[in-house]
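Coordinate analysis (summary)
Listed here are the chains, written in short residue letters.
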Amino acid sequence: MRIVADGLTFTYNRKTKFAKKALDDVTLTIREGSFFGIIGHTGSGKSTFIQHLNGLIPVESGTLTVGDLDLSKGKKTDKKGLRALRAKIGMVFQYPEYQLFATTVYEDVAFGYHNFFPEKSKEEERAAVFAALRTVGLDDSVADKSPFDLSGGQKRRVAIAGVLVSDPEVLVLDEPVAGLDPAGKNELMALLHRIHDGGKKTVVVVSHDMDDVAENCDALAVFSEGRVVMTGTPEEVFSRRKELEELRLDVPVTRKIADALAEKGLGNAFPLRSDDFVRKVAQLYRGKRV
Amino acid sequence: MNAIEFTNATYRYPGDDAPVLNSLSFSIRQGSFSVVLGRNGSGKSTAAKLINALILPNEGNVVVLGKDTVRAADGDLLFEIRKSAGMVFQNPDNQQIASIVEDDVVFGPENVGMPREEIAERIAFALEATGTEQFRHAQVSRLSGGQKQRVAIAGVLALRPEIVILDESTSMLDPKGRREVLDVIRKLQKEHGITVIDITHYMDEATDADEAFVLRNGELAFAGTPKELFARTDLLRACGLELPRAAELAKKLNENGVPVGDGILTTEELTEKLCELLQTD
Amino acid sequence: MLSDMTFGQYYPSESPVHRMDPRAKLLLLIVYIVAVFLAKNFYGLAVCLIFLLLAIAFSRVPVRSVLKSVKGIVILILFTFVLNVLFYTPKEGDVVLFWRVTVQGLVSASFFALRIIFLVMGSSVLTLTTTPVSLTDGLESLLAPLALIRFPVHDLALIMSIALRMIPTLAEETDRIIRAQKARGADFESGNLVSRAKALVPVLVPLLVSAFRRANELGDAMDARCYAGSSKRTKYKKLKFSYRDLLALLVTGALLAGVILCNVYAYLLPVLY
């Protein structure tokens, strides 16, 4: 599903003292099959933007199309349409484990399935729930446990399974690794790549970690004060280091080193991804030895 | 002198068989900056609570600035310990008692019955040290995560502690908020000689620490300098940790025939080394 | 959004009303409430209205913010209005419009509705001009004598203060949980009463779990900061009762007198209905 936003604008607490323009003329395309990264400070409009994608926040002005569904203002989307949209655009909020509620893992994961496809049989539901649990790397045996008895990392995976259960075409995650330890973080990133599966699904992540997005994403959008200030591949975005630093945003380690090396005339066009970067440096180094 | 000394400290949550902390022994130097690392559930937070005497060890001892927490179970000594070892928690939303910054910062001093004139002095110090003067009359709920955590630090500083423990206090913050908090904490250690214990998941917070401690399943898996720690990749893996970004990159370079050597932890170090290597001849 | 609620939300300003002693403001509100209840006719309510408008004017709070508090209880007002109209006991000479509805019934129902509106508006002037903390401080100070009979005044004040602190946080959290469950296809808007109540379970359970978790952490944070009850606590902020407060109380006294006069000498005033 392709997502196209054009001139999207949204104001919180309109007409009050606390009015705040959360989105300001956001124009952005997320192509189908992308592993898309959204970066920017807290309050830059990232969360507001992603909540437009499944109609949680109705479009106030500008246009937004998700797949072939037009969510723009004035286009009446009925309840059924909205539900179908939400089944297709899975949304994982920050700290999703805090939204678990059912007495068993199975019931919690099945919640979304039941809401989206009330006409489906119990067998189909079971199949979907266990498929989702397996995708996130959880054993069938957790299904009967209480979600509140699991470890933090497991809880988060159950919550993600609860979104995956409707087999969404697009998975949107708001800071999915926040609060996890390094091992948990790596496991989760690997999981996202499994879901993305080389472009079979579109994955959109909101992240604060520049190195993470540089390693994992194929396209980025940088938000600042409600606006999209940059879009492009990670290489394109992080080549604009000065502008990013003016926005008080960091760049990946490889970029920093590449800049320092380039400045001393020791090479240029260093790749951003660490493996490619290492290969290039090794090549240069061997060149010097010969 | 040691600020904190754990001697065979064991703690079990009531009703649990397995201890969360098993015969833990280590010490932290006064005025130092230490990091405590380890997976979620490895016992880091429990260790922090033992220092603050929020809980007491079932076996062994925890001595804070010469005071044994077990002996302080009741009475004034308990408050002496809590006063001298301040604690900042993980969730910025769950630490403020009052809605207005100033009213929250005075909570600690009021609790220990400090005279008003002294409280006024301490607020001034605490707000200044954390750079939160401009929020003095602001509503806590309208602050950013980083600002809330700085206010939480101010609330702890108002008691003039000699030790400040951060229990994953930066984990829910964005990079900007994290930097704000770490800058404040660094300043406290350098300029005011406060002993800082930073419990964290961020490896780059560990790179310039004086000492690093790693917990694994309630036991001490490592104690030493960050350089020593990050040289032991097998240990890191076993404890669910990772190398700081630059160190990871250095490792890959070494493996690919670029001899940047061991002991590189920061981007600056790696940059310098690479310049050197690529410049020769 | 839930966090939009302004009822009970402080409106920052440096107005004379903002600077008043919270105890004076509390007393003033109590007297005002008594006056509103004592008023037996529209003249009395008019006196109350003048007082209310004066208070709003001096507080420099936009009238809209004050009116917003009424918006929250519109249903309640309508409900009591309808009940009052229907259960009005007709007297001789009342003009029946249709069924049980009389002109006099409508007038008396309006009277009661206005009473509620005035009460809510008056209370919101207090909460809009007083920070939750100084409100609890004021309450604690006013109730202090009760501590002599072992009434836990301090603990009560602390509980209030914490509750007020956590309201915005929990409102935000509720909002977030609702959105997350909506994203999972939850529907809070359709179905009958039972199915709607059931739909709230996925919101209430996480909210409750979270409230307990927060309470736990907050308890630790309080312990870590040496909380040990009220025994040896000092108070940093001293409340100061100034001439301004005295003046305001005198004015409020005048309000009460005005309302009582309107009641007593009602027979001298032209009948309005």
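Scope of this entry: the structure provided in the associated data block. Predicted, not measured: the structure shown is a model, and the values here were computed from it.

As a further point, take the interface of chain A and chain B. Listed by partner, the interface residues are 37 residues for chain A and 33 residues for chain B. Carbon and sulfur atoms supply 61% of the area that chain A and chain B bury against each other, a total of about 3,200 Å² over both sides. Scanning the region where chain A abuts chain B turns up five salt bridges. A salt bridge links A:Asp211 to B:Arg245, with the nearest nitrogen and oxygen atoms 3.9 Å apart. Linking chain A to chain B there are nine residue pairs in polar contact (both at pLDDT 80 or more). Looking at the side of chain A that touches chain B, the elements with two or more residues in it are α6 (182-196), α7 (210-216), α10 (253-263) and α11 (274-289) of chain A. Of the residues forming the side of chain A that touches chain B, the biggest block, 11 residues, is contributed by α11(A). Class assignment for the residues of the side of chain A that touches chain B results in 16 nonpolar, eight polar and 13 charged.

With that out of the way, let us pick up the sheet that holds strand β2 (residues 20-30) of chain A. Taken together, four strands build an open sheet; the order of strands is β2-β1-β4-β5 (chain A) and the sheet is antiparallel. Two strands close off the open sheet at either side, each with one partner strand: β2 and β5 (69-70) of chain A.

The next point concerns the interface of chain C and chain B. Across the boundary between the two partners, chain C contributes 31 residues, which contact 42 residues of chain B. Summed over both partners, the interface of chain C with chain B comes to about 3,400 Å²; 53% of that surface belongs to carbon and sulfur atoms. By the criterion of area lost to chain B, the three top residues of chain C are C:Arg165, C:Arg225 and C:Tyr236, representing 28% of everything that side buries. In this assembly, chain C and chain B are joined by three salt bridges. The residue C:Arg165 makes a salt bridge to B:Asp93 at a minimum N-O spacing of 3.9 Å. The interface formed by chain C and chain B includes 13 residue pairs in polar contact (both at pLDDT 80 or more). Contributing elements (two or more residues each) for the side of chain C that touches chain B: α7 (132-143), α8 (153-183) and α10 (201-224) of chain C. When the residues that make up the side of chain C that touches chain B are grouped by side-chain class, the tally is 16 nonpolar, four polar and 11 charged.

Time to look at the pairing of strand β4 (residues 59-64) of chain B. Residues and elements named next belong to chain B. Bridge analysis of strand β1 (residues 2-11) against β4 gives five bridges, and the strand direction is antiparallel. Bridge pairing links Thr10 to Glu59 in β4. Note that β4 and strand β5 (residues 67-68) share two bridges and pair antiparallel. Along β5, the bridge assignment pairs Val64 with Lys67. Connecting β4 to the antiparallel partner β5 that follows it, the hairpin turn spans two residues, and Leu65 within it adopts a positive phi of roughly 50°.

In total, this model carries 46 salt bridges over all chains according to the counting rule given. A:Lys122 is paired through a salt bridge with A:Glu125; the nearest N and O atoms lie 3.5 Å apart. Taken together, the positions of A:Lys122 and A:Glu125, both in helix α4 (residues 122-135) and three residues apart, correspond to about one turn of that helix. For A:Lys122, a relative accessible area of 56% translates into the label exposed. Looking at A:Glu125, the relative accessible area reads 8%, which means it is buried. A salt bridge links C:Glu173 to C:Arg176; its shortest N-O distance comes to 4.0 Å. A residue pair is termed a helical-turn pair when its members lie 3 or 4 positions apart in one helix, as C:Glu173 and C:Arg176 do in helix α8 at three residues. For C:Glu173, a relative accessible area of 2% corresponds to the buried category. One salt-bridge network, in which partners are shared between bridges, spans A:Lys185, A:Asp209, A:Asp211, A:Asp212 and B:Arg245.

Moving on: the packing of aromatic side chains. Any two aromatic rings considered together are summarised by their centre-to-centre distance and by the angle between their planes. Following the criterion strictly, the structure yields 15 aromatic pairs over all chains and no others. Between B:Phe26 and B:Phe213, the ring centres sit 4.9 Å apart and the planes meet at 45°, which makes this aromatic pair tilted. Here B:Phe26, found in strand β2 (residues 21-29), pairs with B:Phe213, found in strand β9 (residues 211-216); they are 187 residues apart in sequence, far enough to count as distant. The two residues B:Phe26 and B:Phe213 agree in class, both being buried. Feature note: the residues A:Tyr113, A:Phe116 and A:Phe117 constitute an aromatic cluster, connected by ring pairs. The side chain of B:Arg186 reaches across the aromatic face of B:Phe33, ending 4.0 Å from its centre.

Cut-off values and rules
- Residues numbered from 1 in each chain as written.
- Chains lettered and ligands numbered in written order.
- Predicted model: local features only at pLDDT ≥ 70, side-chain atom pairs only at ≥ 80, totals over all residues.
- Heavy atoms only, no water.
- Contact = heavy atoms within 4.5 Å.
- Buried area = accessible area lost by both parts, 1.4 Å probe.
- Salt bridge = Lys/Arg side-chain N within 4 Å of Asp/Glu carboxyl O.
- Polar contact = N/O pair within 3.5 Å; in protein donor to acceptor, adjacent residues only side chain to side chain.
- Helix = DSSP H or I, 4+ residues; strand = E, 2+ residues; numbered from the N terminus.
- Nonpolar A, V, L, I, M, F, W, Y, C, P; charged D, E, K, R; others polar.
- Pairing = 2+ DSSP bridges.
- Buried < 20%, exposed > 50% of the residue type's maximum accessible area, 1.4 Å probe, protein only.
- Phe/Tyr/Trp six-rings, centres within 6.5 Å; stacked < 30°, edge-to-face > 60°.
- Lys NZ or Arg CZ within 6 Å of the ring centre and 35° of its normal.

All quantities given are derived from atomic positions and should not be read as evidence of function.
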